[in-house]
Amino acid sequence: MVHYGHSNQLRQARAMGDHLIVGVHTDEEIAKHKGPPVFTQEERYKMVQAIKWVDEVVPAAPYVTTLETLDKYNCDFCVHGNDITLTVDGRDTYEEVKQAGRYRECKRTQGVSTTDLVGRMLLVTKAHHSSQEMSSEYREYADSFGKCPGGRNPWTGVSQFLQTSQKIIQFASGKEPQPGETVIYVAGAFDLFHIGHVDFLEKVYGLAERPYVIAGLHFDQEVNHYKGKNYPIMNLHERTLSVLACRYVSEVVIGAPYSVTAELLDHFKVDLVCHGKTEIVPDKDGSDPYEEPKRRGIFCQVDSGNDLTTDLIVQRIIKNRLEYEARNQKKEAKELAFQEAMRRQEVQPERESDCDF
């Protein structure tokens, strides 16, 4: 997948240098080393390119990063999170660049992983919503999902994401609309931020010469009211970071009203309100949520040309449920085995030095 945890890693990586090149693996490589990918390689190439800290994307990057790859793209060093990434036979994929001193590390984002998101989709509970207490069922799932027999490692598995004001500041542009810019407002759930959202926002961004795009994100309860089931899969805090990381978005309204009100339009001095081709669900009182912008003549429907929805992504996961559960267990077993090998390696020199005496 591509989620806000990856965006945060790319933000940190970009701060370490001047030009960030991101290598994205093919579906074949991911299937071989990790398990079935959720998004296709073409979707992932475009999604990574839409993250605002990325300068360049290298498609079909090799799964094992070598010095040859770094030299080919004129890179001084490579960056990875402080979790481990292993090949199908349990080897560290960054071994060569680490030995050459051309490896840097950034902090992994606590509380999000592909493992966790896949688990939420399969579990069909609302325990991840921002107003909900973690239920005993969710705790049990959090303790066991993707867990292989024999323990749990610190990288794969589930923990709760804790939003902070600092994290929002790090992701936000901090820029206000400037004279001559066209303020465009869009609203929605933007759940499991995906290529359908990216294509829509890119089209919206292209509607003006100097666009300033504001995305209004609905509260979890509001999304659940019009989407049902256990939607949204990502809570409001997580969706905020996902949208802020997109290069086509300038500002986010956290917990926007479902109906686009006169107050909202006046407050942000909105010039244009856009909605995609998805169904417009009436508000609780039966009214059209876009009544006011339509009355002002500033409403526009935008065809993204992409029919991917959050529902379709969830269907992909459910269809491959057994494969994903096996993927998570295999991944964790590999990581635990690697941890154990590293621990033994650390103990070994101590024993050898004891013999010297």
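This text goes with the structure placed above it.
Source: prediction; values computed, not measured. (Residues numbered from 1 in each chain as written. Predicted model: local features only at pLDDT ≥ 70, side-chain atom pairs only at ≥ 80, totals over all residues. Heavy atoms only, no water.)

Asker: Is there a simple way to think about the overall build of the protein in this case?
Answerer: The number of helices and strands found in the protein is 15 helices and nine strands. A buried classification covers 49% of the 357 residues belonging to the protein. Pairs at least 24 residues apart make up 76% of the contacts formed inside the protein by residues separated by at least 6 positions. (Helix = DSSP H or I, 4+ residues; strand = E, 2+ residues; numbered from the N terminus. Buried < 20%, exposed > 50% of the residue type's maximum accessible area, 1.4 Å probe, protein only. Contact = heavy atoms within 4.5 Å.)

Asker: What is the right way to look at helix α6 (residues 114–123) in this model?
Answerer: Working note: α-helix, 3.6 residues per turn, so residues spaced by three or four point in the same direction. In terms of burial, α6 is largely enclosed, as nine of its ten residues are buried. The complete set of buried residues in α6 reads Thr114, Thr115, Asp116, Leu117, Val118, Gly119, Arg120, Met121 and Leu122. For α6, the N-terminal cap is serine 113; the gap from its side-chain oxygen to the backbone nitrogen of aspartate 116 is 3.0 Å. (Polar contact = N/O pair within 3.5 Å; in protein donor to acceptor, adjacent residues only side chain to side chain.)

Asker: I tried to follow the nonpolar core on my own but got confused; where do I start?
Answerer: Soluble globular proteins: nonpolar side chains tend toward being buried together. Counting residues in each nonpolar core, the largest one holds 59 residues, and the members touching the most others are Met121, Val186, Phe190 and Leu201. When contributions to this core are tallied by element, the ones reaching two or more residues are α1 (4–15), α3 (41–49), α6, β5 (182–188), α9 (195–205), β6 (211–217), α11 (236–244) and α14 (310–319). At five residues, α9 tops the list of elements feeding residues into this core. Here this core gathers at least three residues from each of two domains, domain 1 (4–106) and domain 2 (165–301). If near-sequence neighbours (up to four positions away) are discounted, leucine 201 is found in contact with Val186, Phe190, Phe193, Val213, Cys246, Tyr248 and Val249. (Core = buried A, V, L, I, M, F, W, Y, C linked by side-chain atoms within 4.5 Å. Domains from an automatic or database assignment.)

Asker: How do you make sense of the pairing of β6 when you look at a structure like this?
Answerer: Remark: a regular strand shows side chains that alternate across the two faces of the sheet. The element β6 is extensively covered by neighbouring structure, given that seven of its seven residues are classed as buried. Of the two faces of β6, the one holding Pro211, Val213, Ala215 and Leu217 and the one holding Tyr212, Ile214 and Gly216 are both buried throughout. Sheet topology note: the β5/β6 ladder contains seven bridges and is parallel. Considered in β6, the bridge of alanine 187 is made with glycine 216. (Pairing = 2+ DSSP bridges.)

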